[in-house]
2 protein chains.
Amino acid sequence: MAKIDPISGFPEWTPSQRIVEQKIIREVERKFELHGYVPVETRSIEPLNVLLSKGDDKEIYVLKRLHAGDDEDEDEGGVGLHFDLTVPFARYAVEFQHLLSFPFKRYQIQKVWRGERKQEGRYREFYQCDIDIIGQGSLPLFFDAELPCLLSEILVELPIPAVVIKINNRKVLEGFYRGLGIEDIESVLRVVDKLPKIGPEAVKAQLEEQMLLSESAANSCLSLGRITSRDNSFVDAVNALGVSHPLLEEGLKELSDVVVACNLDAQGDFVVDLSIARGLSYYTGTVYEGYMVGHEHIGAICSGGRYDNLATGGRQKMPGVGVSIGITRILGYLFGRNVLRPAKSTPVEVLVALLDEPSRAKASHAAQLLRKRSISADVYHSPHKFGKQIKAAVKRNIRYVLFIEGSYQVKDTVTGDQYEVDINQWCPEISTPSFNVLMNEE
Amino acid sequence: MAKIDPISGFPEWTPSQRIVEQKIIREVERKFELHGYVPVETRSIEPLNVLLSKGDDKEIYVLKRLHAGDDEDEDEGGVGLHFDLTVPFARYAVEFQHLLSFPFKRYQIQKVWRGERKQEGRYREFYQCDIDIIGQGSLPLFFDAELPCLLSEILVELPIPAVVIKINNRKVLEGFYRGLGIEDIESVLRVVDKLPKIGPEAVKAQLEEQMLLSESAANSCLSLGRITSRDNSFVDAVNALGVSHPLLEEGLKELSDVVVACNLDAQGDFVVDLSIARGLSYYTGTVYEGYMVGHEHIGAICSGGRYDNLATGGRQKMPGVGVSIGITRILGYLFGRNVLRPAKSTPVEVLVALLDEPSRAKASHAAQLLRKRSISADVYHSPHKFGKQIKAAVKRNIRYVLFIEGSYQVKDTVTGDQYEVDINQWCPEISTPSFNVLMNEE
């Protein structure tokens, strides 16, 4: 092979890590389906003009055929790999709207690609697990609460640290800034968004020097960003800052309704945090970011929000709201810190020992009998000494070895016991877990 | 949205089609795991030099960051999207060999990308479901029989037409050609491979005029390609052509062993077909192609073979053998011909009717009780008239509607019955199937 080095930003798991990832994805899918979300997959590419209008153009990977132009026209304008699943889904919902029932709830678990700068926890190819709801004409606000509740119901059962979900509403920020007389909302948002990275002094300096805000306006922006609460007491805290604007009022009402509805759900830890803004420009209302408690430095591990203008189907608006779980970022971090330890390198539960070549058919038959009862089995590939075959089973974390000599005998490599079994009845007593979690040890 | 047209070659399924695809992929995964294949995923990209040395360079999609060079060096030599899963897996097996147990059996289900010319049944982005076994130093021939047997065991249970698996061995072809004194084996293989497309006359003409074979040699090549058998009688038929070469003998022996072993397995239809060559250059022994009977014109729906030189890990050879199921090609064709009719547009089994806004919490609670017992449930989004809610359930193929008014009542929209239920006990009697198969109707 010409080159076998890893490619930075394009992670690959070992088989035992992949078994954990797969188990988690399957559990997430099961939960999404139980809650009525419909599976959708979109193509990996979108026209460049769609991607460029919705994202940060630095992040986009463009696709070219190696010998483009040889035998046919290329797609005009070019195509790129999608950088998230929200933009493709909004396009899909418009394209397939005649076939869908609205409000349409879908889940989508696919890889996305971003040409990110290299840093810990940032990948260039990674999985996102998304759920979104898109309406036709309108979309009730209670969906803005349903999503974080479902998210926390799912996250609490995953083998990961506790997650706190921070909620804000873009209308609160935009309304507040407008109430202060600020016009370049986007730029101010971007500066305030740097608060956790560069600190209040630097943010204040940038607001005054670059955005030309008065000291009092800059202070108000900072004060707003510091407000957090677990109930709707944040409304009074905002009002105490003495700024008013119709959009601010609308945002406070929405955010208050969402946090009250979330708190009816006892499972999650929801915090109103007025510093949350979200980078992507298409959000228009509620926004979410989830952090693993004690591991906030790796950034949000799930995020999303309300987008009222991303999809438009002819005359009708198609407002949506969605959240995304960054499964690759979570696993990369937990694997890397040895918090989540994969424990299983194969799905095989039983290794059938091979006595000699002539008995291979008998061994295969025994394996098939187990498989018919949904027990994963493999026949050892060569008639090596039984001691060697048992060692191979142990090395692959296969607990049981089946011997066929007249009768069927199972060896439990953990207890060392060996006993006769009825091949049509016997089941492994204990399945090998696919991982161990060591939350407190780092 | 700027552009909502489909992009040719990049198929997207409707939700009900995706439900069928997902069901099939999950069943294939389950079978692979029962047989001891370990899940692996590789990154979507490989270095261009790796891709170019193993594939047809016209097919490769190259990746570029939109603003490459702005802030860091690009990977030297460039990268492209993988065009199959065999080349990436061979690289993975070398890279991770210190962690793997050999012979290493893996399955891999991912999308691949090829810049193919547009034609029916050809896609530019599609799923492949691959199983491969890679050895260290050597790999016993019985794996060459295990793969088509497992393949047919899986295919026979899928909702698709019967599949015949055609088997050949590259050594038979190469040995035969060498016995005829031919030196440019690759070119002759490529000409003979056109037999089903351009017919024997044209192939013969090309062999004589372009390859400069004698008429008798060209006739021998054609005669070889016409040999088929369901047992090892092909050996006599080849020997009757009067060509001999050590490599031919080796190939005949291997092919004979494989077909005899396959025929011990009663489930599949296996045919030795000496016209099968496979396009990719890395195959060195056994090759397979599977066709849906009566639908051969769409081409092979599964294929694979033995590759002794694709992966090399330091001093050791790492021979492999694998097969791939082209799930997108199969489904695109069957959906398009209306043979496989998706029947389910949502995972939801029970729609909980919403009486009025104040009772939403009660409705959500009932849905959660069902979900706890693994029954997918959704609450209707708005307190519309019950008649409208029932119609919405029928439109989404949801058979059961749950009403909460004092007691719990279930309406079966298929029979029209409505009855009181214990919400903690009741289960849907019949789950909605995800598809109907109409094999005889086209």
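Residues numbered from 1 in each chain as written. Chains lettered and ligands numbered in written order. Predicted model: local features only at pLDDT ≥ 70, side-chain atom pairs only at ≥ 80, totals over all residues. Heavy atoms only, no water.

## So, the relation of the copies chain B and chain A
For the pair of chain copies, the relating transformation is a rotation about an axis with a translation along it. You can overlay chain B on chain A at an RMSD of 0.0 Å; the transform is a turn of 180° with a shift of 0.0 Å along its axis. The two molecules are tied by a two-fold rotation axis, judged by turn and shift. The rotation axis passes nearest to the C-alpha of L63 of chain B in chain B, at a distance of 2.5 Å. Taken together, the interface assignments show that 100% of the residues at the interface of chain B recur at the interface of chain A, consistent with an identical surface on both copies. (Least-squares fit on C-alpha atoms with pLDDT ≥ 70 in both. Contact = heavy atoms within 4.5 Å.)

## What about the sheet that holds strand 15 (residues 377-379) of chain B?
Where strands meet in a sheet, backbone hydrogen bonds hold them as pairs that are either parallel or antiparallel. All names here are of chain B. The strand order across the open sheet built from five strands is 15-14-16-17-18, with neighbouring strands paired in mixed fashion. Of all the strands in the sheet, the pair left with one neighbour each is strand 15 and strand 18 (418-421). When strand polarity is set aside, the average angle formed by the axes of neighbouring strands in this sheet is 30°. Where strand 14 (residues 350-352) lies against strand 16 (residues 400-405), three bridges are found, and the strand directions are parallel. If you follow V350 over to strand 16, its bridge partner there is Y400. Docked against the sheet, helix 13 (residues 386-395) engages strand 14, strand 16 and strand 17 (407-412), running at close to 150° with respect to strand 16. (Pairing = 2+ DSSP bridges. Helix = DSSP H or I, 4+ residues; strand = E, 2+ residues; numbered from the N terminus. Axes fitted to C-alpha atoms, helices over the stretch in contact; angles between N-to-C directions.)

## Quick notes on the packing of helix 6 (residues 185-192) of chain A against helix 7 (residues 195-209) of chain A
Residue and element names in this part refer to chain A. Relative orientation of the contacting elements helix 6 and helix 7 amounts to 130°, with a least axis distance of 8 Å. Overall, the two elements helix 6 and helix 7 adopt an arrangement that is oblique. In this structure, helix 6 uses V188, V191 and V192 to contact helix 7, whose residues at the interface are L195, V203, Q206 and L207. Taken together, the residues of the contact of helix 6 with helix 7 break down into six nonpolar, one polar and no charged. (Parallel < 35°, antiparallel > 145°, perpendicular 65-115°, else oblique. Nonpolar A, V, L, I, M, F, W, Y, C, P; charged D, E, K, R; others polar.)

## Overview of the interface of chain B and chain A
Interfaces are often sized by the amount of accessible area the parts lose when they come together. In this assembly, 99 residues from chain B lie in contact with 99 residues from chain A. For the pair chain B and chain A, the summed buried surface comes to about 8,600 Å²; carbon and sulfur atoms form 54% of the total. On the surface where chain B and chain A come into contact, there are 12 salt bridges. Residue R18 of chain A pairs with E41 of chain B through a salt bridge whose shortest N-O separation is 3.1 Å. (Buried area = accessible area lost by both parts, 1.4 Å probe. Salt bridge = Lys/Arg side-chain N within 4 Å of Asp/Glu carboxyl O.)

## Description of the sheet that holds strand 17 (residues 407-412) of chain A
Residues and elements named next belong to chain A. An order of 15-14-16-17-18 is seen for the five strands of this open sheet, with the pairing classed as mixed. Edge strands, defined here as strands with exactly one partner in the open sheet, are strand 15 (377-379) and strand 18 (418-421). Across the sheet, the mean angle separating the axes of adjacent strands is 30° when strand polarity is ignored. Direction of pairing for strand 17 relative to strand 18: antiparallel, over a ladder of four bridges. Its bridge partner lying in strand 18, Q409 is registered against E420. Sheet contacts for helix 12 (residues 360-372): strand 14 (350-352), strand 15, strand 16 (400-405) and strand 17; angle to strand 15, the most-contacted strand, approximately 175°.

## Some words on helix 4 (residues 142-155) of chain A
Since the α-helix advances by 3.6 residues per turn, residues separated by three or four positions end up pointing in the same direction. Residues and elements named next belong to chain A. Here helix 4 is 14 residues long and its end C-alpha atoms lie 20 Å apart, about the 20 Å a rise of 1.5 Å per residue gives. Taking burial as the measure, the 14 residues of helix 4 include 12 buried ones, the bulk of the element. For helix 4, every residue scored as buried is listed here: F143, D144, A145, L147, P148, C149, L150, L151, S152, E153, I154 and L155. (Expected span 1.5 Å × (residues − 1). Buried < 20%, exposed > 50% of the residue type's maximum accessible area, 1.4 Å probe, protein only.)

## Some points on the pairing of strand 16 of chain B
The side chains of a regular strand alternate, residue by residue, between the two faces of the sheet. Among the six residues in strand 16 of chain B, five count as buried, and that is most of the element. Hairpin connection of strand 16 of chain B to strand 17 of chain B: one residue between the antiparallel strands, including G406 of chain B at a positive phi of 75°.

## Considerations on the packing of helix 4 (residues 142-155) of chain B against helix 10 (residues 246-264) of chain B
Residues and elements named next belong to chain B. Across the interface, helix 4 lies against helix 10 with an axial gap of 9 Å and an inter-helix angle of 40°. As judged from the angle between their axes, helix 4 and helix 10 are oblique. Note that helix 4 runs across helix 10; the crossing there is right-handed. For the pair helix 4 and helix 10, the contacting residues are D144, A145, P148 and C149 in the first and V258, A261 and C262 in the second. In terms of residue class, the contact of helix 4 with helix 10 is built from six nonpolar, no polar and one charged. (Left-handed = near helix turned anticlockwise from the far one by under 90°.)

## Quick word on helix 8 (residues 215-226) of chain A
Residue and element names in this part refer to chain A. Here helix 8 spans 17 Å end to end across 12 residues, near enough to the 16 Å set by a 1.5 Å rise per residue. For helix 8, the complete set of buried residues consists of A217, A218, S220, C221, L222, L224 and G225. Looking at the buried side of helix 8, the elements it contacts are helix 5 (170-179), helix 7, helix 9 (234-239) and strand 9 (269-273).

## Description of the environment of D257 of chain A
Relative to the helices and strands, D257 of chain A resides in helix 10 (residues 246-264). C-alpha of D257 of chain A to C-alpha of V38 of chain A: the two residues are 219 residues apart in sequence and 27 Å apart in space.

## Section: the pattern of salt bridges
Using the criterion set out here, one finds 58 salt bridges over all chains in the structure. Residue K31 of chain B pairs with E153 of chain B through a salt bridge whose shortest N-O separation is 3.4 Å. Residue K31 of chain B is located in helix 1 (residues 15-34), and its partner E153 of chain B is located in helix 4; the two are separated by 122 residues in the primary sequence. A relative accessible area of 9% places K31 of chain B in the buried class. On the basis of relative accessibility, which here comes to 8%, the residue E153 of chain B falls in the buried class. Each of the salt bridges in this network shares a partner with another, and the network as a whole consists of E12 of chain A together with R43, E46, R91 and E95 of chain B.

## Looking at the environment of S434 of chain B
Residues and elements named next belong to chain B. Positionally, S434 belongs in the loop between strand 18 and strand 19 (435-437). Residue classification places S434 among the buried residues on the basis of a relative accessible area of 9%. Taking the C-alpha atoms as reference points, S434 and P342, separated by 92 residues in sequence, lie 6.0 Å from one another. In this structure, S434 is in contact with I19, V20, K23, P342, A343 and K344, ignoring residues within four places of it in sequence.

## Comments concerning the packing of aromatic side chains
Per the stated rule, a full pass over the model turns up 23 aromatic pairs over all chains. Between Y400 of chain B and W426 of chain B the ring centres are 5.3 Å apart and the planes differ by 75°, which places this aromatic pair in the edge-to-face class. Taken together, the residues Y400 of chain B in strand 16 and W426 of chain B in the loop between strand 18 and strand 19 connect sequence positions 26 residues apart. Taken individually, Y400 of chain B and W426 of chain B each receive the classification buried, so the pair is uniform in this respect. These aromatic residues form a ring-pair network of at least three members: F32, Y37 and Y107 of chain A. Across the ring face of Y291 of chain B, the terminal group of K166 of chain B is positioned such that the distance to the ring centre comes to 4.8 Å. Looking at R360 of chain B, its charged tip hangs above the ring of F142 of chain A, at a distance of 3.3 Å from the centre. (Phe/Tyr/Trp six-rings, centres within 6.5 Å; stacked < 30°, edge-to-face > 60°. Lys NZ or Arg CZ within 6 Å of the ring centre and 35° of its normal.)

## Overview of unusual backbone geometry
Residue and element names in this part refer to chain A. Backbone torsion omega between F102 and P103 reads -5°, so that peptide bond is classified as cis. Locating P103 in the fold gives a position in the loop between helix 3 (86-95) and strand 5 (104-113). A positive phi angle is found at L212, which is not glycine, with a value near 60°.

## Quick notes on the nonpolar core
For soluble globular proteins, nonpolar side chains are generally found buried alongside one another. Membership of the largest hydrophobic core comes to 82 residues, with the highest contact counts inside it found for F32, Y177, L207, M292 and I325 of chain A. Ranked by the residues each element gives to this core, the list is headed by helix 4 of chain A, at eight residues. Those residues in contact with F32 of chain A, other than ones at most four positions away along the chain, are Y37, Y107, I109, C129, D130, I131 and I154 of chain A. I24, Y107, M292 and L334 of chain B belong to the second-largest nonpolar core, a separate cluster that totals 81 residues. (Core = buried A, V, L, I, M, F, W, Y, C linked by side-chain atoms within 4.5 Å.)

## Points about the pairing of strand 3 (residues 61-65) of chain B
Counting buried positions along strand 3 of chain B gives four out of five residues, so the element sits mostly inside the fold. Two strands pair when backbone bridges link them, and strand 3 (residues 61-65) of chain A and strand 3 of chain B are joined in this way by five bridges, in the antiparallel orientation. Residue pairing across strands places K64 of chain A opposite V62 of chain B, the latter belonging to strand 3 of chain B. Sheet topology note: the strand 3 of chain B/strand 4 (residues 79-81) of chain B ladder contains two bridges and is antiparallel. Residue pairing in the sheet places V62 of chain B in a bridge with G80 of chain B of strand 4 of chain B.

## A closer look at the confidence of the model for chain A
For any part of a model where pLDDT is low, the fine detail of the predicted coordinates should not be relied upon. Summing up the model confidence of chain A, the mean pLDDT is 91 and the portion of residues at 70 or higher is 94%. Taken together, the chains of this predicted complex give a pTM of 0.94 and an interface ipTM of 0.94. (pLDDT = per-residue confidence, 0-100.)

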